[in-house]
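Listed here are the chains, written in short residue letters.
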Amino acid sequence: MITKEIFYGVKCNRCKEDFQDYDDHSFWIDENTAIEQAVESEWIEENNKHFCPNCYDYNEDIDKNIIREEFPNHVKELKKFFDKMICGISESILENEDENFVVATSLYNRQKLEKFEENYIREMLNDKLISLECKRHERYSNFYCYVTISR
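Residues numbered from 1 in each chain as written. Predicted model: local features only at pLDDT ≥ 70, side-chain atom pairs only at ≥ 80, totals over all residues. Heavy atoms only, no water.

A.B. asks: How should the packing of aromatic side chains be read in this particular structure?
C.D. replies: Two measures describe an aromatic ring pair: the distance that separates the ring centres and the angle between the ring planes. Enumeration according to the criterion identifies six aromatic pairs in this entry. Between Phe 19 and Trp 28 the ring centres are 5.6 Å apart and the planes differ by 25°, which places this aromatic pair in the stacked class. Take Phe 19: its relative accessible area is 2%, and that puts it in the buried class. By relative accessible area, which is 11% here, Trp 28 ends up buried. (Phe/Tyr/Trp six-rings, centres within 6.5 Å; stacked < 30°, edge-to-face > 60°. Buried < 20%, exposed > 50% of the residue type's maximum accessible area, 1.4 Å probe, protein only.)

A.B. asks: Explanation requested: the pattern of salt bridges in the structure shown.
C.D. replies: Charged atoms that come close allow side chains of opposite charge to pair. Summed over the entire model, instances satisfying the criterion amount to 10 salt bridges. Residue Glu 95 pairs with Arg 151 through a salt bridge whose shortest N-O separation is 3.1 Å. Residue Glu 95 is found in strand E5 (residues 91–95), and its partner Arg 151 is found in the segment after strand E8 (143–150); the two are separated by 56 residues along the sequence. Linked by salt bridges that have partners in common, Arg 14, Asp 57, Arg 68, Glu 95 and Arg 151 make up one network. (Salt bridge = Lys/Arg side-chain N within 4 Å of Asp/Glu carboxyl O. Helix = DSSP H or I, 4+ residues; strand = E, 2+ residues; numbered from the N terminus.)

A.B. asks: What should I look at first to understand helix H3 (residues 115–125) in this one?
C.D. replies: One full turn of an α-helix is made of 3.6 residues, so residues set three or four places apart face in the same direction. Turning to H3, its buried residues are Glu 117, Glu 118, Ile 121 and Leu 125. Looking straight down H3, one finds its buried side chains confined to an arc of 100°; they lie on one side. Of the exposed residues in H3, the ones pointing more than 90 degrees away from its buried face are Lys 115, Phe 116 and Glu 123. Taken from the residues just after H3, Asn 126 is the one with a positive phi, measuring 50°. (Arc of directions from axis to C-beta.)

A.B. asks: Just to check I follow, could you spell out the confidence of the model for the protein chain for this structure?
C.D. replies: Low-pLDDT portions of the prediction should not be read for the details of their coordinates. Of all residues in the protein chain, 97% attain a pLDDT of 70 or more, and the chain-wide mean is 88. Within the protein chain, E5 has the poorest average pLDDT of any element, 81, and strand E2 (residues 49–51) the best, 95. (pLDDT = per-residue confidence, 0-100.)

A.B. asks: So what exactly am I meant to see when it comes to a nonpolar patch on the surface here?
C.D. replies: On the surface, a nonpolar cluster with roughly 340 Å² of combined accessible area is contributed by Phe 7, Phe 27 and Ile 29. Mapped onto the elements of the fold, Phe 27 is located in the segment before helix H1 (31–40). (Patch = residues over 30% accessible without salt bridge, like charges linked within 9 Å, V, L, I, M, F, W, Y side chains within 5 Å. Areas by Shrake-Rupley, 256 points an atom, 1.4 Å probe, with all protein chains shown as cover.)

Structure, rendered in structure tokens:
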């Protein structure tokens, strides 16, 4: 017999990362449990939006969470390119303290980008591109592409 069930997950409104608990669960049977699990793992909910710990800072002086600024369009465009064209297993956007972004994606079954993919990224980012490198991930056996971008 086939049955249909709806599950609920939480996605960061800023970086689009999906919440996963410590047991790698991403979906729950109801909305409240999904939100509750995320909040217990340092995610926050502000005005019906959800934010992962990488997308907000806590200001002790005013006892308030401060949501970080939206990503610049060139960072969003590169992430979209990775999502649609590179077909990696996981993509992420990290912010360095020196005001740069690192957009990373796994390279599914390969060790580097094709030349036309590199050229597309270079042309898309132009003077915002700081570095583009493909290398083996520190903890995993697959290769990742890391693109460092200025604000």
